[in-house]
Amino acid sequence: MEIFGIPLQAFMGQLLIGLINGSFYALLSLGLAVIFGLLNIINFTHGAQYMLGAFVAYLSLTHLGVNYWAALVLCPLVVGATGVLIERLMLKHLYKLDHLYGLLLTFGLALIIQGLFRNEFGSSGMPYPVPEVFQGVFNTGFMFLPKYRAWVIVASLVVCLATWYVIERTKLGAYLRAATENPSLVQAFGINVPRMITLTYGFGVGLAALAGVMAAPIYQVNPTMGADIIIVVFAVVVIGGMGSIMGSIVTGFGLGLIEGLTKVFYPEASATVIFVIMTIVLLIKPAGLFGTQK
Amino acid sequence: MNSPALSPTAAQSQAHMWVVFALMVAVLAIAPMWVYPIFLMKVMCFALFACAFNLLLGFGGLLSFGHAMFLGSAGYAAAHASKIWGWNPEWCVLFGTLGSGLLSLVVGALAIRRQGIYFAMITLALSQMVFFFCLQIPFTGGEDGIQAVPRGKLLGLFDLSDNQAMYVFVLVIFLASFLFIWRVVHSPFGQILKAIREHQDRATSLGYDTDTFKLIAFVISGALAGTAGATKSLVFQLASLTDVHWTMSGEVVLMTLVGGMGTLFGPVVGAAVIVTMQNYLAHLGAWVTVVQGVIFVICVLAFRRGLVGEIAHKLKKSL
């Protein structure tokens, strides 16, 4: 069976890879959007924190024998805690300044983290085993779907939707959204906004680390994995606009799919297609697909 | 971004600026007697790159995180013109400059559609696109770059393969561009640019088409970054992917930040500091990245005026 002259199997295979990439784009841009909403800072360290998540998982497995499931819970907590430290010690001093300083500071932090790991581990990748439950494939009739990949797509969808639910439909989320609109007013109602900001940053960073743990068995664990993906995620964020949580999720998955499709039909452009789409979106709707121009 | 270094009264008198400028010229004129000329030429190329970048950030308040694309692509253009077409060096530099100017016109027109943080992200993403483009198309030589680029004969007369002649060529380009930037900053155009930096809506309400001014600043900055890149590729006889990579965009931000954004001489000092540091730490490998990151963090948290900005603040003069 063929689609547009491409064997169905290859076609679906690329679509699947696209969906996987899309899962990570969605998780990462979601974290960026949550952080940006409250802190007004673009977290350039996000890629490094994604890489940290994968490394903490790898190191705790090889040194302490922590398995995948424990890592899935532990790594986001550990890396999220470092995020809390970064916010308390550094970022908090920048809120009164131009937002660009936040970008510069987090860029510097990313350089430090990535440099340290490159010193320690070189730039070659370390393999992380696929957890036992997910070894093997599903035979769907028209293609073989590796179980672990199916899990990643489902899990990241669940995490994304849960985050959306918490922010858009619960009381906690309502506080969060209110603080995004007008922090001083929310504080006047007796809500500890600085703590909320700290925890939000920690949560966003934790999301990046979670993505890192999930990515570890698919891509190899290596110090530059975050730097490569973060620029694409920035483009995803520009395309979606950071105004809406659902927007980040949809754009993330959608662009992953488009990237996968490009690999099928015109592989040379697959590295640049997202940037091209960004250009087109900027021309047609500068605020982004789901954004509102301030 | 605010530039604390500039106070309205200090902007009036420029006599002390000429003294500092003369000092800079003197240092650059006699330095080759003690310092390796290639190193000095590298410093000047990066100083020009940083000055061009600072025109946009320090005076226009626009943080471009993709300036490497102008440096790198002009490098490729000049190297190609020199090696394949056999052009004279002055035409190669001009070609690189115009090429980058054209590229910055396109990029700028797109990027100024959003402001602040988005502007930074868009320029970064577009420069990544240029990076992949340079990686894939054949004429850039992919991972190898364009090697063994001939320096050629200036005006067909002076052989630049002699380091001394090349030094003078680079020095003239650097000083001319510096004077040009100085002139731009103190022109009515530069004043409007600063007004837009301070308060864009107010500038709009005064009747200025702020987008056009920002675009012009972007093109000047991009073209001059191209001049730096083209010159650099002739100096090192090499155009490579390093110059288009995003780390290079980060480095120019760092140079400007260290020297002092919004000051004229800051980027020059910043470039000298960073290039020197890279030279001495080169054997440490990835530690250079770590050190740069640490400098970034320190500058942002505690040293936002930068070296020259700090001096200017102490002297209560603009530098």
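Rules used throughout
What you see as residue numbers is a count from 1 along each chain, following the sequence as written. Labels follow written order: the first chain is A, the first ligand is 1, and so on. Whole-chain, interface and lining totals are the exception, using all residues; otherwise, since this is a predicted model, local features are given only for residues with pLDDT of at least 70 and side-chain atom pairs are given and counted only at 80 or more. Numbering of helices and strands runs from the N terminus; a helix is a DSSP stretch of H or I covering at least four residues, while a strand is a stretch of E covering at least two. For a compact globule the rule gives 2.2 Å times the number of residues to the power 0.38, and the radius of gyration it is set against comes from C-alpha atoms. With C-beta atoms placed from the backbone, the exposure class of a residue follows from how many other C-beta atoms lie within 10 Å of its own: 20 or more, buried; 12 or fewer, exposed; in between, partly exposed. Throughout, a residue-residue contact means that the two C-beta atoms, derived from backbone geometry, are no farther apart than 7 Å. Each axis is a line fitted through C-alpha atoms, taken for helices only over the stretch in contact, and angles between the N-to-C directions span 0 to 180 degrees. Roughly parallel means an angle under 35 degrees; roughly antiparallel, over 145; roughly perpendicular, 65 to 115; everything else is oblique. Should the near helix be turned counterclockwise from the far one by less than a right angle, the crossing is left-handed, whereas a clockwise turn marks it as right-handed. The nonpolar class holds Ala, Val, Leu, Ile, Met, Phe, Trp, Tyr, Cys and Pro. Asp, Glu, Lys and Arg form the charged class, and all remaining residues, Gly among them, are polar. By definition here, a helix of n residues has an expected span of 1.5 Å times n minus one. Residue-level confidence of the predictor is what pLDDT reports, using numbers from 0 through 100. In plain words, the nonpolar core is the set of buried Ala, Val, Leu, Ile, Met, Phe, Trp, Tyr and Cys residues that C-beta atoms within 7 Å link up.

Draft legend 1. Looking closely at the overall build of chain A. Each helix and strand counted, chain A has 11 helices and four strands in total. Compactness check: chain A gives a C-alpha radius of gyration of 19 Å against a globular reference of 19 Å for 294 residues, within 12% of the reference. For the C-alpha atoms alone, the extent of chain A along its principal axes is close to 65 × 50 × 35 Å. Going through the 294 residues of chain A one by one, you find that 49% of them count as buried.

Draft legend 2. Molecular detail of the overall build of chain B. Along the backbone of chain B there are 13 helices and two strands. Taking the principal axes of its C-alpha atoms as reference, chain B extends roughly 50 × 45 × 40 Å. Scored against the burial criterion, the 319 residues of chain B give a buried share of 53%. Long-range contacts, defined as pairs at least 24 residues apart, comprise 78% of the intrachain contacts of chain B with a sequence gap of at least 6.

Draft legend 3. Spatial organisation of the packing of helix H9 (residues 225-240) of chain A against helix H5 (residues 116-136) of chain B. Taken N-terminus to C-terminus, the directions of H9(A) and H5(B) make an angle of 125 degrees; their axes are 9 Å apart at the nearest point. Taken together, the axes of H9(A) and H5(B) are oblique relative to one another. H5(B) is crossed by H9(A), and the crossing has left-handed handedness. From H9(A), A:Ile231, A:Phe234, A:Ala235, A:Val237 and A:Val238 reach across to H5(B), where they touch B:Tyr118, B:Met121, B:Ile122, B:Leu124, B:Ala125 and B:Gln128. Looking at the contact of H9(A) with H5(B) residue by residue, the class counts come to 10 nonpolar, one polar and no charged.

Draft legend 4. How the structure looks around the interface of chain B and chain A. Across the boundary between the two partners, chain B contributes 36 residues, which contact 33 residues of chain A. Broken down by secondary-structure element, the contributors of at least two residues to the side of chain B that touches chain A are H5, helix H10 (246-259) and helix H12 (287-302) of chain B. Of the residues contributing to the side of chain B that touches chain A, the split by class is 25 nonpolar, nine polar and two charged.

Draft legend 5. Structural view of helix H1 (residues 8-39) of chain A. All names here are of chain A. The end-to-end C-alpha distance of H1, which contains 32 residues, comes to 45 Å, matching closely the 46 Å that a straight helix rising 1.5 Å per residue would cover. Across the 32 residues that make up H1, a large majority, 23, are buried. In the stretch just after H1, asparagine 40 is the one whose phi turns positive, near 60 degrees.

Draft legend 6. Just the packing of H1(A) against H9(A), in detail. All names here are of chain A. For the pair H1 and H9, interaxial distance at closest approach is 9 Å and the crossing angle is 70 degrees. Relative to H9, the element H1 is oriented roughly perpendicular. The way H1 lies across H9 gives a crossing that is right-handed. Residues Phe24, Tyr25, Leu28, Ser29, Leu32 and Ala33 of H1 pack against Ile229, Val232, Val233, Val236, Val237 and Gly240 of H9.

Draft legend 7. Structural context of the environment of B:Cys51. Residue and element names in this part refer to chain B. Assignment of secondary structure puts cysteine 51 in helix H2 (residues 37-60). Residues cysteine 51 and methionine 255 lie 204 residues apart in sequence; the distance between their C-alpha atoms is 9.4 Å. Every residue in contact with cysteine 51, bar those within four places of it in the chain, is listed here: Phe178, Ile181, Pro267 and Val268.

Draft legend 8. Main features of the confidence of the model for chain B. Residue and element names in this part refer to chain B. For chain B, mean pLDDT is 88; residues scoring 70 or higher make up 96% of the total. Here residues 1-11 is a poorly scored stretch, pLDDT under 50, and it has 27 contacts once near neighbours within four places are set aside; other chains count. If you check the scores for this complex, the pTM reads 0.89 and the ipTM reads 0.87.

Draft legend 9. Local environment of the environment of B:Thr263. By the secondary structure assignment, B:Thr263 is in the loop between H10 and helix H11 (266-281). For B:Thr263 and B:Leu48, which are 215 residues apart along the polypeptide, the C-alpha to C-alpha distance reads 13 Å.

Draft legend 10. A look at the nonpolar core. By size, the foremost hydrophobic cluster in this structure holds 191 residues, and its most contacted members are A:Ala235, B:Ala47, B:Phe49, B:Met121 and B:Ala125. Broken down by element, this core gets its largest block of residues, 17 residues, from H2(B). In contact with B:Phe49, other than residues within four places in its own chain, are B:Leu71, B:Ala225, B:Ala228 and B:Val252.

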